[in-house]
Amino acid sequence: MSHKSIIAVFGGSATQPGEPDYEAAVEAGSLLAKAGYQVATGGYAGIMEAAAIGARAAGGEAIGVTVPSVFPDRDGANSYISSEVRTASLTERIHELVSMSSASMALPGSIGTLTELVVAWNSAFVARFSNETAKPVVAVGETWTRLVAELSDVLETDPSIVSCHDTVADAVAHLVERLG
């Protein structure tokens, strides 16, 4: 599978169908698939399921990167996942998602989503030290806009590495433009 055709989508597992964030994730998956990208998520419920639903409904593929040892009560990936990649730890899962993709998108979530966003951000930040091209990182929603600004200030890092957007449509348009 081509790394250039995969976008990692991060988001919380507690979001329910019908909630605005869930529906926005369905839209994100759909827009990404229509633009020719595969969607990779953590493979479980909530935002991850919603992005997979959107991708599959639009004729695309959805990869689920799961971690059975951490979530033994979950019987594999959600039913909308086209292919599952099983990892041994949360750290491995995040690394796999960031490394397999050509860009990352953070949708609403909690501490796990924050961790994924920060790993993608750090990977893009350090790419310059090895003369690599930084992979685009986008975040959707006011929470991420505030957190990226605050972390950038406190940690004295480059906030422009994470492109913050109010809507998934704007975030996807930004990724399509950046990735060509």
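Residues numbered from 1 in each chain as written. Predicted model: local features only at pLDDT ≥ 70, side-chain atom pairs only at ≥ 80, totals over all residues. Heavy atoms only, no water.

K.L.:
I'd like to hear about the environment of Gly64, residue by residue, with values.
P.N.:
Tracing the backbone through its elements, the reader meets Gly64 in strand β3 (residues 62-66). Between the alpha carbons of Gly64 and His165 there is a distance of 25 Å; along the sequence they are 101 residues apart. Discounting residues that sit within four places of it in the chain, Gly64 has contacts with Thr41, Gly43, Ile81, Ser83, Glu84 and Val85. (Helix = DSSP H or I, 4+ residues; strand = E, 2+ residues; numbered from the N terminus. Contact = heavy atoms within 4.5 Å.)

K.L.:
Tell me what's going on with the pattern of salt bridges, and back it up with residues and numbers.
P.N.:
Scanning the model with the defined rule gives 1 salt bridge in all. Taking the shortest distance from any N to any O, the salt bridge between Glu84 and Arg86 comes out at 3.5 Å. The exposed category is assigned to Arg86, whose relative accessible area is 54%. (Salt bridge = Lys/Arg side-chain N within 4 Å of Asp/Glu carboxyl O. Buried < 20%, exposed > 50% of the residue type's maximum accessible area, 1.4 Å probe, protein only.)

K.L.:
How would you explain the nonpolar core if you had to name every residue and give the values?
P.N.:
Counting 23 residues, the largest nonpolar core has Ile7, Val9, Leu32, Val39, Met105, Leu107 and Leu175 as its most contacted members. With 6 residues, the single largest contributor to this core is helix α1 (residues 20-34). Among the nonpolar cores identified, the runner-up in size contains 21 residues, and Ala40, Met100, Trp121 and Val137 belong to it. (Core = buried A, V, L, I, M, F, W, Y, C linked by side-chain atoms within 4.5 Å.)

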